[in-house]
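# Understanding the architecture of this molecule
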Amino acid sequence: MTMKSVLLGAAAGIAAIGAAQAADLPMTKGEAVEYVKVCSAFGPGFFYIPGTDTCLKIGGEIRAKYYAFGGTGYNRNDNRSAFDTQARVWFDARTETDWGLLRSYFQINADSNRLVGRGGGDGTRNDFTIDKAFIQFGGLTAGYAHSFFGFYDNEYGDTLEGNYYAQTKTVNLLAYTAQFGGGFSATLSLEDGRDHRVSGTSTPVDINGTLYGYREGGQQVPDVVAQLRWDQSWGSLAVQAAGHQSRSGENYSILVAGPNPGDPAVETPVVVRRSNKYGYAVGATGLIKIPAIDGWFVVEGQYADGALDYLGANNTFLAQGDRFVNAAGRVDAGKGWSITGELGGHITPQLQAVLVGSYIDTSFDRYSALGDYGIKEFTVSGNLTYTIVKGLKVAGEIGYTHGKTDHGPIVSDNPKLNGRDSYNNWLAGMRITRQF
């Protein structure tokens, strides 16, 4: 009992001393932990940035691509197979204000060995590109966003690497969209014309010993794009138009080989004819939804004169330009039309099928003594995409392209293509995608 009393007394004394010391310490209160809260106002995946009323969604995607290419358009210097792994990361921040929705969107893409359509890998490794970066406030859109000419490429364009001819550019722009109710909207967009150029320099023409050519000069006015759109539960309709300035630059020089084999190349001046002309493009887009297969049919067509980028002319196998110098030394404009159609839907809830066909027809008046020079090209691509589990997909695609020229053979460093007036190319490949 004596020992028990001693131990209890010692414990009580230690507790009393600890209490006395604790009484001398300042009183503190545990700070509240601020947890991330789900934001349901804008759909799944958004959360509140702590301490703000801004909702943020962060997403990502990994694409592993494996492709093979072939046809008359390739020689031994071209890649006949190409692999690429692409990573995508995007940030979507939205805030409701008294003046409407304030949104900022940013996406960056990184490629290990970037694929370029039917041309395989271009040798660019560890390549980082800005896919989009824009601000929206009410009806205002400012920054690096998809052109407002058409909507097929921005909202559909469901090929993997297969080609088509439509407006596919992401450009720097300043646009305003007005909503009128009933699904009607109208957009007026000022877009950087340098982003809408097809080619800056034409092949020089030798006229009486003087080389005449064309080269784009500095931009004076931006492109003006307008679109009227009607969206309904059954689909959408849109009409659009654009104006584009082509302004010649200063004279330049090129290296010209001597007349005899082995002669050194000589720097030769090229005279640029002064020109300041305006081109235009008009187009229309139609979409019909097919609920029975959770599918869609969309078609987009356009005509352009001196503004071939709006046709998708940058996507053709042979290079083209908005302006050129013809055999008489005159500056002339290219013109033409293109159309793209896509049919897509689900065979099963996990299996999606897409078929895309596209055609482009461009011409250049009085190109040579033979007459107007023209490039006609059509392409078709089909793919199947299977969802293995949520967020993981595997897809396969095949595509074919045929092109021909009018009133002029193809001039190319490729011996298989040089001197021909037609070509045939194909692609086949697969893509594994993980989205999160």
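Our subject is the structure that appears above.
## Observations regarding the nonpolar core
By size, the foremost hydrophobic cluster in this structure holds 29 residues, and its most contacted members are Phe-149, Leu-173, Val-225, Leu-308, Tyr-310, Leu-318 and Tyr-423. Leaving out residues up to four positions away in the same chain, Tyr-310 has contacts with Phe-149, Ala-166, Gln-167, Glu-191, His-196, Asp-223, Val-225, Ala-242, His-244, Ala-281 and Gln-302. One finds Tyr-152, Tyr-164, Ala-166 and Leu-287 within the second-largest nonpolar core, a separate group that totals 11 residues.

## A few points about the pattern of salt bridges
This structure, assessed with the given rule, holds 15 salt bridges. Residue Lys-65 is joined to Glu-161 by a salt bridge in which the shortest nitrogen-to-oxygen separation is 3.2 Å. Here Lys-65, found in strand 2 (residues 55-71), pairs with Glu-161, found in the loop between helix 2 (152-155) and strand 7 (170-181); they are 96 residues apart in sequence, far enough to count as distant. In this pair, the class of Lys-65 matches that of Glu-161, namely buried. With its nearest N and O atoms 3.0 Å apart, the salt bridge here joins Glu-250 to Arg-274. Taken together, the residues Glu-250 in the loop between strand 12 (235-247) and strand 13 (252-256) and Arg-274 in the loop between strand 14 (266-272) and strand 15 (276-290) connect sequence positions 24 residues apart.

## Some details on the packing of aromatic side chains
With the rule as written, the count across this model stands at 15 aromatic pairs. Stacked on the ring of Tyr-48, the Lys or Arg Lys-37 has its end atom at 5.7 Å from the ring centre. In this structure, Arg-215 is placed above the aromatic ring of Tyr-252, and the distance from its NZ or CZ to the ring centre is 4.0 Å.

## Some words on the sheet that holds strand 10 (residues 210-213)
Spatial ordering of the open sheet is given by 9-10-14-13, a layout of 4 strands whose pairing is mixed. Edge positions in the sheet fall to strand 9 (205-207) and strand 13, since each has one partner strand and no second. For this sheet the average axis-to-axis angle between neighbouring strands, irrespective of direction, equals 45 degrees. Bridge count between strand 13 and strand 14: 5 bridges; the pairing is antiparallel. Within strand 14, the position partnered with Ile-254 by the bridge is Thr-268.

## A few points about empty space enclosed by the protein
In the structure shown here, the tally under the stated rule is 2 cavities of 30 Å³ or more. Here the largest cavity defines a volume of roughly 50 Å³. Residues belonging to the lining of the largest cavity are distributed by class as follows: 1 nonpolar, 5 polar and 5 charged.

## Points about the state of the cysteines
According to the stated counting rule, one finds 1 disulfide in the structure shown. Each disulfide pairs two cysteine sulfurs, and for Cys-39 the partner residue is Cys-55, the sulfurs being separated by 2.1 Å. One quick way to see it: the torsion about the S-S bond of Cys-39 and Cys-55 is about 80 degrees, and its sign makes the bridge right-handed. In this pair, Cys-39 sits in the loop between helix 1 (2-24) and strand 1 (47-48) while Cys-55 sits in strand 2, placing the two residues 16 residues apart along the sequence. Side by side, Cys-39 and Cys-55 carry an identical accessibility label, which is buried.

## Remarks on the pairing of strand 2
Two elements, strand 1 and strand 2, share 2 bridges in a ladder whose sense is antiparallel. Residue pairing across strands places Tyr-48 opposite Cys-55, the latter belonging to strand 2. In textbook terms, the turn of a hairpin is the stretch between consecutive antiparallel strands, and for strand 1 and strand 2 this stretch comprises 6 residues, one of which, Gly-51, has a positive phi near 85 degrees. In terms of strand pairing, strand 2 meets strand 3 (residues 81-97) through 14 bridges, oriented antiparallel. Following the sheet pairing, Ile-58 is matched in strand 3 by Phe-91.

## Examining unusual backbone geometry
Leaving glycine aside, a negative phi is the common case for residues, and trans is the common case for peptide bonds. Backbone geometry at Asn-208 places phi at a positive 55 degrees, although glycine is not the residue there. The class of Asn-208 is exposed, set by a relative accessible area of 79%. Even without being glycine, Asp-294 reaches a positive phi, approximately 50 degrees. On the secondary structure map, Asp-294 appears in the loop between strand 15 and strand 16 (295-305). Look at Asp-294 and you get exposed, because its relative accessible area is 52%.

## So, the environment of Ala-242
Structurally, Ala-242 is set in strand 12. Residues Ala-242 and Tyr-310 lie 68 residues apart in sequence; the distance between their C-alpha atoms is 8.2 Å. Residues contacting Ala-242, with those up to four places away along its chain left out, are Phe-149, Val-224, Val-225, Gly-279, Tyr-280, Ala-281 and Tyr-310.

The rules we used
- Numbering of residues starts from 1 in every chain and runs along the sequence as written.
- Only residues with pLDDT of at least 70 are given local features in this predicted model, and only at 80 or more are side-chain atom pairs given and counted; all residues enter the totals for whole chains, interfaces and linings.
- Hydrogens and waters are ignored; side-chain quantities use all the structure's heavy atoms.
- Here, nonpolar core refers to any group of buried Ala, Val, Leu, Ile, Met, Phe, Trp, Tyr and Cys residues whose side-chain atoms link them within 4.5 Å.
- Relative accessibility decides the category of a residue: with a 1.4 Å probe and only protein chains considered, values under 20% of the type maximum give buried, values over 50% give exposed, and everything between is partly exposed.
- Contacts were defined at the residue level, with two residues in contact if any of their heavy atoms lie within 4.5 Å.
- Salt bridges are identified by distance alone: a Lys or Arg side-chain nitrogen within 4 Å of an Asp or Glu carboxyl oxygen.
- Every helix listed is a DSSP run of H or I at least four residues long, and every strand listed is a run of E at least two residues long, numbered separately from the N terminus.
- Think of it this way: a Phe, Tyr or Trp ring, Trp meaning its six-membered ring, pairs with another when their centres are within 6.5 Å, and the plane angle makes it stacked under 30 degrees, edge-to-face over 60, tilted otherwise.
- We call a charge positioned over a ring when the NZ of a Lys or the CZ of an Arg lies within 6 Å of the ring centre and within 35 degrees of the ring normal.
- In this analysis, strands are considered paired if DSSP registers two or more bridges between them.
- The convention used is that axes are lines fitted to C-alpha atoms, helices contributing only their stretch in contact, and that angles between N-to-C directions extend from 0 to 180 degrees.
- Two kinds of site are reported from a 1 Å grid over the protein atoms alone, namely cavities, where a 1.4 Å probe fits but cannot get out, and pockets, open sets with protein on both sides within 12 Å along at least five of seven lines, and residues are called lining when an atom falls within 4 Å of a point.
- Grid points are joined across faces, edges and corners, and a volume is the space filled by probe spheres set on the points.
- Here the term charged refers only to Asp, Glu, Lys and Arg, the term nonpolar to Ala, Val, Leu, Ile, Met, Phe, Trp, Tyr, Cys and Pro, and the term polar to all other amino acids, Gly among them.
- For the purposes of this analysis, a disulfide is any pair of cysteine sulfur atoms at a distance within 2.5 Å.

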